[in-house]
Amino acid sequence: MIDKNKVNRWKIFTVLSSILALILIAVLAYLITFELKLMNMPIPEVNPKASLGQEGAECGGEYKLPCMPGLGCLMVDEARSSGVCIKLTDKDPGKTVPIGE
């Protein structure tokens, strides 16, 4: 004789396991796609004509050279801990408005 409670538990376990497997597959697919995008990203080079802190200028290193606002320091030489100033976003952040106005 078949116990209906065991059959129902087995069905619930199967459905939940299938949903969990689909979620894991989706997350792995996203991470693999993200990693491939990072691997295909060109490595920026230091522009010797760029002014201090401008896009393409050297940053970090022994003198801890900064980047201008809106730019970030992407490390390209881990041994010297120096990098290149790159643009963080292409979107215009808009005007800064103080809170309460």
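Please refer to the structure placed before this passage.
Only a predicted model underlies this, so the values are computations on that prediction, with no experimental measurement involved. (Residues numbered from 1 in each chain as written. Predicted model: local features only at pLDDT ≥ 70, side-chain atom pairs only at ≥ 80, totals over all residues. Heavy atoms only, no water.)

Engineer: For this particular structure, what's the right way to read the environment of Cys 59?
Structural biologist: Here Cys 59 lies in strand β1 (residues 58-60). In sequence terms Cys 59 and Leu 74 are 15 residues apart; their C-alpha atoms lie 8.3 Å from each other. (Helix = DSSP H or I, 4+ residues; strand = E, 2+ residues; numbered from the N terminus.)

Engineer: Mind showing me how you'd approach the state of the cysteines here?
Structural biologist: Where two cysteines share a covalent bond between their sulfur atoms, that bond is called a disulfide. Under the counting rule described, the total for this entry stands at two disulfides. A sulfur-sulfur separation of 2.0 Å characterises the disulfide bridge that pairs Cys 59 with Cys 73. Here the S-S torsion is close to 90°, and the disulfide linking Cys 59 with Cys 73 is therefore right-handed. Of the two residues, Cys 59 is situated in strand β1 and Cys 73 in strand β2 (residues 71-77); the sequence distance between them amounts to 14 residues. Residue pairing for Cys 67: its cysteine sulfur links by disulfide to Cys 85, the two sulfurs lying 2.1 Å apart. Note on the Cys 67 and Cys 85 pair: the S-S dihedral is about -95°, so by sign convention the disulfide is left-handed. With Cys 67 in the loop between β1 and β2 and Cys 85 in strand β3 (residues 82-87), the pair connects residues that are 18 residues apart, well separated along the chain. (Disulfide = S-S within 2.5 Å.)

Engineer: In this structure, what is going on with the pairing of β2? I would like to understand it.
Structural biologist: It is a general feature of regular strands that their side chains alternate between the two faces of the sheet. Bridging between β2 and β3 involves six bridges; their strand directions are antiparallel. Within the sheet, the bridge partner assigned to Cys 73 lies in β3 and is Cys 85. (Pairing = 2+ DSSP bridges.)

Engineer: For this particular structure, what's the right way to read the pattern of salt bridges?
Structural biologist: If the charged atoms of two oppositely charged side chains come close together, the side chains can form a pair. Scanning the model with the defined rule gives two salt bridges in all. The residue Glu 58 makes a salt bridge to Arg 80 at a minimum N-O spacing of 2.6 Å. Of this pair, Glu 58 sits in strand β1 while Arg 80 sits in the loop between β2 and β3, and the two are 22 residues apart along the sequence. Taken together, the shared-partner salt bridges in this structure form one network comprising Glu 58, Asp 77 and Arg 80. (Salt bridge = Lys/Arg side-chain N within 4 Å of Asp/Glu carboxyl O.)

Engineer: When you look at the pairing of β3 in this model, what are you seeing that I'm missing?
Structural biologist: Two elements, β1 and β3, share three bridges in a ladder whose sense is antiparallel. The residue of β3 that forms the bridge with Cys 59 is Gly 83. Counting the residues between successive antiparallel strands, the hairpin from β2 to β3 contains four residues, one of them, Ser 81, with a positive phi of roughly 50°.

Engineer: Is there a simple way to think about unusual backbone geometry in this case?
Structural biologist: Keep in mind that most residues, glycine aside, have a negative phi and that most peptide bonds are trans. Even without being glycine, Lys 64 reaches a positive phi, approximately 50°. Topologically, Lys 64 is positioned in the loop between β1 and β2. At Ser 81, a residue that is not glycine, the phi angle is positive and equals roughly 50°. Position of Ser 81 among the secondary structure elements: in the loop between β2 and β3. With relative accessibility at 37%, the residue Ser 81 sits in the partly exposed group. (Buried < 20%, exposed > 50% of the residue type's maximum accessible area, 1.4 Å probe, protein only.)

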